[in-house]
Amino acid sequence: MTGRTASDTVGGAASTADPGGLLRAYEAASMYYVQGETMEVIAHHLGVSRSTVSRLLARARQEGVVRVSLVQPGGAGSLEGRMAQVFGVRTHIVPVREGTTEIHRLQQVASVAAAHMVDLIGALAEQGGAEGAGAPESGGPEGENRGAAGGAGRDVGTGGVVVGVAWGTTMSEVSAALPSRPVPGLTVVQLNGASDPMREGPSAGEVLSQMRMSLGARTISFPVPAFFDHVAAREAMWSERSVKRVLSVARRASLAVFGVGALDALNGALPSQVYEGGHLTARDQAVLRRQNVVGDVCTVLLRADGSWRDVTLNARATGPTPAQLARIPRRLCVAAGTGKARALLAALRARTATDLIVDDATARAVLELAEVRGQTGGGSR
């Protein structure tokens, strides 16, 4: 036999009653994590090699048999404590080694965010899902079409948790890092439009597909552009029944999960798909710079002070405004890379998030920017 030991063959035969290997993965995990046995002892007990034990432990983590729970120290002097004090947001800091690549930094943050997202969904499911839910329709002025949506979509999202998600580079990594943890009755709805990009890149469809596979969710796409070319076209689409149905489901979200887009990729930041994917023209982007826009949340454009109401292109945007997001009880923002510090500061000033997953370097950069500018709130203008 090449690449296998005789003991592996015996172990494999012994697991025919468990084709997926999950029972053996559970047994190995119990001995290793709970009973404190060494891999050598576990290998002898199971009649397999140490490398097989390592694979079983990896499988146990991947399939959710093992769930790692960390309690992060807080305190006023910690990064978490300072973020909470300055911005009023629950923050989980992800330590990332210096000198790493930006994609590795993002993957590290996304891995923690994916686990936290699943924990939040589980907690909401235990509470009954809909408690406190009352999210608005995506995009447009607050309250727009609230009554017009009527009873549309009542067969979706009732009796289970509804989660609204954005799309983009960050959300693609978060969805890819999700553990396999099916949640009965879960509905995931796309919060902002994304169709018709001119360049290849992370797509909303990929994000929804990963969540369907990992969480067993029913997924609902929002098949409209990220930005309409004309305000009148957007207003006409918002009167369509199919759009109203999606907005009706989004209105029931009890959790929103999103990243932050940066207009300019600073400090080697990964490009934001809203600006690099052809959703906005060069002329549009020039207008944004003149209006001091630094980034976006759910394709709603923000200035450095968190203001958004009088940014002209927002009349063509399809995502929920910060005021509309605020009606969702839990709002998980995920950000990685100091190049997004200005955009993240704007998002925090706009009060878009209740929870934040961010790497340590970016958190420090945001606090330094806030200190320099001497202002932390007031993003409702």
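Before reading on, note that the structure itself is shown above.
Everything numeric in this text was worked out from a predicted model, so none of it was measured.

S.K.: Tell me what's going on with helix α5 (residues 79-87), and back it up with residues and numbers.
M.R.: Taken residue by residue, α5 has Leu79, Glu80, Gly81, Met83 and Phe87 as its buried positions. Just beyond α5, the residue with positive phi is Gly88, at close to 65°.

S.K.: Give me the lowdown on the pattern of salt bridges, citing residues and values where you can.
M.R.: All chains considered together, the criterion is met by 9 salt bridges. A salt bridge links Glu102 to Arg105; the nearest nitrogen and oxygen atoms lie 3.6 Å apart. In this pair, Glu102 and Arg105 both sit in helix α6 (residues 102-127), 3 residues apart, roughly one turn of the helix. Judged by its relative accessible area of 9%, Arg105 falls in the buried class. Close ionic contact of Arg330 with Asp355 constitutes a salt bridge, the shortest N to O distance being 2.7 Å. Of this pair, Arg330 sits in strand β9 (residues 330-335) while Asp355 is found in strand β10 (residues 355-359), placing the two residues 25 residues apart along the sequence. Residue classification places Arg330 among the partly exposed positions, given a relative accessible area of 22%. Of the residues examined, Asp355 reaches a relative accessible area of 2% and is grouped as buried. One network of salt bridges, in which partners are shared, links Arg90, Arg330 and Asp355.

S.K.: Break down the packing of helix α2 (residues 22-34) against helix α4 (residues 50-62) for me, with residues and values.
M.R.: Where α2 contacts α4, the axes come no closer than 8 Å and their chain directions differ by 100°. Classed by the angle they form, the pair α2 and α4 counts as roughly perpendicular. For the pair α2 and α4, the contacting residues are Leu22, Arg24, Ala25, Ala28, Ala29, Tyr32 and Tyr33 in the first and Leu56, Leu57, Arg59, Ala60 and Arg61 in the second. Taken together, the residues of the contact of α2 with α4 break down into 9 nonpolar, no polar and 3 charged.

S.K.: With reference to specific residues and values, describe the packing of aromatic side chains.
M.R.: How two aromatic rings sit relative to each other is given by the distance of their centres and the angle of their planes. In this structure the tally under the stated criterion is 3 aromatic pairs. Taking 5.0 Å as the distance between ring centres and 90° as the angle between the ring planes, the aromatic pair formed by Tyr32 and Tyr33 counts as edge-to-face. Under the relative-accessibility criterion, Tyr32 is labelled partly exposed at 33%. Connected via pairs of aromatic rings, a cluster forms that spans Phe222, Phe228 and Trp238. Above the face of the Trp238 ring, Arg234 is positioned so that its terminal group lies 4.3 Å from the ring centre.

Scoring rules and cut-offs
Residues numbered from 1 in each chain as written. Predicted model: local features only at pLDDT ≥ 70, side-chain atom pairs only at ≥ 80, totals over all residues. Heavy atoms only, no water. Buried < 20%, exposed > 50% of the residue type's maximum accessible area, 1.4 Å probe, protein only. Helix = DSSP H or I, 4+ residues; strand = E, 2+ residues; numbered from the N terminus. Salt bridge = Lys/Arg side-chain N within 4 Å of Asp/Glu carboxyl O. Axes fitted to C-alpha atoms, helices over the stretch in contact; angles between N-to-C directions. Parallel < 35°, antiparallel > 145°, perpendicular 65-115°, else oblique. Contact = heavy atoms within 4.5 Å. Nonpolar A, V, L, I, M, F, W, Y, C, P; charged D, E, K, R; others polar. Phe/Tyr/Trp six-rings, centres within 6.5 Å; stacked < 30°, edge-to-face > 60°. Lys NZ or Arg CZ within 6 Å of the ring centre and 35° of its normal.

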